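Here are the chains, one letter per residue:
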Amino acid sequence: VSYDPAVDTNHGVLERILAAVGPVGAGISLEYYFSAVDNETFGCGTKLPHNVTGLIGVMNGHQSDLRTGLPLQMVELHEPMRLLLIVDATPDALLAVAGRQAEVAELVVNAWVQLVSVHPTTGAMAVFERGAFVPYEPNPTLLPVVDRSPEWHMCTRQHVTPALVRSALPASAVGQRQHLEVVEAGVALR
Amino acid sequence: MSDPVHVALALAILAPFTSVAVVGLLMLLGNRRPSEETAVRLVTVGLLVSVLAGVAVLGAFWGVARAAVEGDIEFGDWLRIGDFVIPAVLRVDGISVTISLFASVLTALIARFSRTYLHKEPGFVRFFVLLGLFATGTQLVALAGALELFFAGWEIIGISSAFFIGFFHERTEPVRSSIRAFATYRFSDAGLLIATVATLEFLAPRVSRSSTRAGTLEPFQATVLALLFLVSAMGKSAQLPFSGWLPRAMEGPTPSSALFYGAVSIHAGLFLLLRVWPVLEVSPAARAIGVVVGLSTAVYAALVVRVHTDAKGALAHATLAQVGLILAEICMGWTTLALTHLVCHALLRLGQYLKAPT
């Protein structure tokens, strides 16, 4: 969502955006999470016997409770992730807004979403952890590099760790020989 | 047996059965389940061979490249006890060729659709085994030239249908629905079984021969036979008062629901009546009852559709309404119209069922 902190002096715009984006984004992420935790109870099980009912939901076959959540086939495909909100605003501005918006505060304080503040002038990042913003310390790790994404996910049906896909990047971003040793390390890892 | 028509007819039935037997043996004897790919390949090959054999039979029926073939094709005896003989005889005529090719093409299409639709489903291999079994049953029913063979295919369709409804056997509701359908089938299939035995008493055992000799039946005998066939057809095609199992049958996976209750299995009862039409023809009483049953089912189902809230249940009743109309058409003697109506209706419903979940 585009947002310019320079014109938003009283954080009114920030407040409206966070109140909308936070719960909606968190809702989607949590739907995936809970559907993955217990697919039969919180999700709606396999989609095979689903029967669209009254244009409001699905049930199993000809009579059952309306099913909640996501089907098994969606959870297998997408890994549940905690929502990461990166906001172009100072930690103080974010704390002020979160204090007024109870829904956002609940999500952030109870760590259902991760909130990161990027300082509009300095560019310093701070991440909200255990009740306060702490400066973000990057912990650079070299990613395994593959030429095409199938090389990375074809061998397994599990969710996979991040990898750099060379074909997805412009040639200038990935040097010809830059990550060669990492490729070997990655292969050894697998 | 070296005659190409014999080979094609045998392949149409035996190819899906062979692939099912191979996959089934792999499941039973192998130390781990066959992979999705193995099951799909084997069953698809069986189904495709069946389709090609159907095309070859159609070619023979039309007289492509040689004299046209029509009538009974003998394969020797299935059973012989003294003078009592059950012949293994298949039949080539307009109705059997249409239904055979039609059913095999639809089954192959559903197999292709299910390959991605059921990907990673725990019952994937089981689904394809049942699909191949169903293909065997439909080919046997479509091509049978004697009531005994017809009955065998009819039962294979019934049993695979019950297994598909109870596909998710870890839940109680599908199993309950499956038993309901199975019980209805058992009750109405008794009609076909009794009719088969009665035909042996009244006539020579073949459908075809009965067609030439139906005129020699006493009116009473014809009416009894026709009513027994009608009961059997009503059960399979879910006509009143047997309609209850059809909406419950939607517990199974979507592709099998489409194939069974939209396209092929639901029309099997109508096909039976087309097959034994000569007997029906000489029994006005049975035909009158058939018209009443068909029309009342059509009215009942059309009314239910208006108020049904779930997609598959509404489709089930919409299917019933049309099937009731076709039953009435057959009983009024419009068999060609009925066959056309049947094929068009099956194609439409197949697509509608497949699209129902989205």
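No experiment lies behind these values; they were computed from the predicted model shown. Counting starts from 1 at the beginning of each chain's written sequence and moves along it residue by residue. All chains are assigned letters beginning at A, and all ligands numbers beginning at 1, according to the order in which they are written. Reporting of local features is limited, given that this is a predicted model, to residues whose pLDDT is at least 70; pairs of side-chain atoms are given and counted only at 80 or more, and all residues count toward the totals for whole chains, interfaces and linings. With hydrogens and water stripped out, all remaining heavy atoms of the structure feed into the side-chain values.

> Can you explain the pattern of salt bridges? Please cite residues and give values.
We define a salt bridge as a side-chain nitrogen of Lys or Arg found within 4 Å of a carboxyl oxygen belonging to Asp or Glu. Enumeration according to the criterion identifies 7 salt bridges over all chains in this entry. A salt bridge links Arg100 of chain A to Glu15 of chain A, with the shortest nitrogen-to-oxygen separation between them at 2.9 Å. Placement of the pair is Arg100 of chain A in helix α3 (residues 91-100) and Glu15 of chain A in helix α1 (residues 12-37), with a sequence separation of 85 residues. Summary of the burial criterion: residues with accessible area below 20% of their type's maximum are buried, those above 50% are exposed, and those between are partly exposed, where the area comes from a 1.4 Å probe applied to protein chains only. Looking at Arg100 of chain A, the relative accessible area reads 47%, which means it is partly exposed. Its relative accessible area of 16% is what places Glu15 of chain A among the buried residues. Of the charged contacts, one joins Arg186 of chain B and Glu155 of chain B as a salt bridge, the two residues approaching to 3.0 Å between their closest N and O atoms. Separated by 31 residues along the polypeptide, Arg186 of chain B in helix α6 (residues 172-202) and Glu155 of chain B in helix α5 (residues 147-165) bring together distant segments of the chain. The way it works is that DSSP assigns letters per residue, a run of H or I at least four long becomes a helix, a run of E at least two long becomes a strand, and they are numbered from the N terminus.

> Describe the packing of helix α8 (residues 219-236) of chain B against helix α11 (residues 265-275) of chain B, and please don't skip the residues or the numbers.
Residues and elements named next belong to chain B. At a closest axis distance of 7 Å, the pairing of α8 and α11 adopts a crossing angle of 165°. One element, α8, and the other, α11, form an angle in the roughly antiparallel class. Crossing angle aside, the handedness with which α8 passes α11 is left-handed. Here Phe229, Leu230, Ser232, Ala233 and Lys236 of α8 come into contact with α11, specifically with Ser265, Ile266, Ala268, Gly269, Leu272 and Leu273. Classifying every residue of the contact of α8 with α11 gives 7 nonpolar, 3 polar and 1 charged. Helix axes are fitted to C-alpha atoms over the stretch in contact, other axes to C-alpha atoms as well, and angles between N-to-C directions run from 0 to 180 degrees. Oblique is the label for any angle not covered by the other classes, which are roughly parallel (under 35 degrees), roughly antiparallel (over 145) and roughly perpendicular (65 to 115). Crossing handedness is read from the near helix: turned anticlockwise from the far helix by less than a right angle, it gives a left-handed crossing, and turned clockwise, a right-handed one. Whether two residues are in contact is decided by their heavy atoms, any of which lying within 4.5 Å being enough. All amino acids are sorted into three groups, where Ala, Val, Leu, Ile, Met, Phe, Trp, Tyr, Cys and Pro are nonpolar, Asp, Glu, Lys and Arg are charged, and the leftover types, Gly among them, are polar.

> Lay out the pairing of strand β2 (residues 84-92) of chain B with the relevant residues and their values.
Residue and element names in this part refer to chain B. Most of β2 sits inside the fold, with 7 of its 9 residues counted as buried. Strand direction decides the pairing type here: strand β1 (residues 71-81) and β2, joined by 8 bridges, are antiparallel. Residue pairing across strands places Asp77 opposite Pro87, the latter belonging to β2. If DSSP finds at least two bridges between two strands, the strands pair.

> Please set out the nonpolar core residue by residue, giving values where relevant.
To form a nonpolar core, buried Ala, Val, Leu, Ile, Met, Phe, Trp, Tyr and Cys residues must be joined to one another through side-chain atoms within 4.5 Å. If you look at the biggest cluster of nonpolar residues, it comprises 116 residues, and the most contacted ones within it are Phe229 and Tyr261 of chain B. A per-element tally of this core places helix α4 (residues 124-143) of chain B first, with 13 residues. Setting aside its immediate chain neighbours within four residues, Phe229 of chain B contacts Leu147, Leu192, Ala195, Thr199, Leu272, Leu273 and Val276 of chain B. Core analysis: the second largest hydrophobic core is formed by 19 residues, Ala26, Val87, Ala93 and Phe128 of chain A among them.

> An account of the interface of chain A and chain B is requested, with residue identities and associated values reported.
Contacts between the two partners involve 17 residues from chain A and, on the opposite side, 23 residues from chain B. Taking both partners together, chain A and chain B bury about 1,700 Å²; carbon and sulfur atoms supply 50% of that area. Summed over both partners, the accessible surface that disappears when two parts come together, traced with a 1.4 Å probe, is what is meant by buried area. It is Leu48, His62 and Arg157 of chain A in chain A that bury the most area against chain B; as a group they hold 36% of the surface buried on that side. Our enumeration of links across chain A and chain B arrives at 0 salt bridges. In the analysis that follows, any N or O atom pair within 3.5 Å is treated as a polar contact, provided that within protein one partner can donate a hydrogen and the other can accept it, and provided that, for residues neighboring in sequence, both atoms belong to side chains. Taken together, the connections running from chain A to chain B amount to 10 residue pairs in polar contact (both at pLDDT 80 or more).

> How would you summarise the sheet that holds strand β5 (residues 125-129) of chain A if you had to cite specific residues and measurements?
Residue and element names in this part refer to chain A. As summarised here, the arrangement of the 4 strands in space is β3-β4-β5-β6, forming an open sheet in which the pairing is mixed. Where the open sheet ends on each side, the last strands, each with one partner, are β3 (83-87) and β6 (132-135). Averaged over all pairs of adjacent strands, the angle between strand axes in this sheet comes to 30°, irrespective of strand direction. Relative to strand β4 (residues 113-118), α3 is tilted by about 140°, and along the sheet it contacts β3, β4, β5 and β6.

> Tell me about the confidence of the model for chain B, and name the residues and values.
Residues and elements named next belong to chain B. Mean pLDDT over chain B stands at 86; residues scoring 70 or higher make up 95%. The predictor reports its confidence for every residue as pLDDT, a score running from 0 up to 100. Per-element confidence in chain B ranges from a low mean pLDDT of 51 for helix α7 (residues 207-213) to a high of 92 for helix α13 (residues 284-307). Here the predicted complex carries an ipTM of 0.71, next to a pTM of 0.81.

> Before we move on, could you go through the packing of aromatic side chains and cite the residues and values that matter?
Here the aromatic set is Phe, Tyr and Trp, taking the six-membered ring for Trp, and pairing holds for ring centres within 6.5 Å; pairs whose planes are under 30 degrees apart are stacked, those over 60 apart are edge-to-face, and all others are tilted. According to the stated counting rule, one finds 18 aromatic pairs over all chains in the structure shown. Ring geometry for Tyr33 of chain A and Phe34 of chain A: centres 5.1 Å apart, planes at 70°, overall edge-to-face. On the accessibility criterion, Phe34 of chain A (31% relative accessible area) is partly exposed. For the pair Trp245 of chain B and Tyr261 of chain B, a centre-to-centre distance of 5.7 Å together with 75° between the ring planes defines the contact as edge-to-face. Of this pair, Trp245 of chain B sits in helix α9 (residues 245-248) while Tyr261 of chain B sits in helix α10 (residues 254-263), and the two are 16 residues apart along the sequence.

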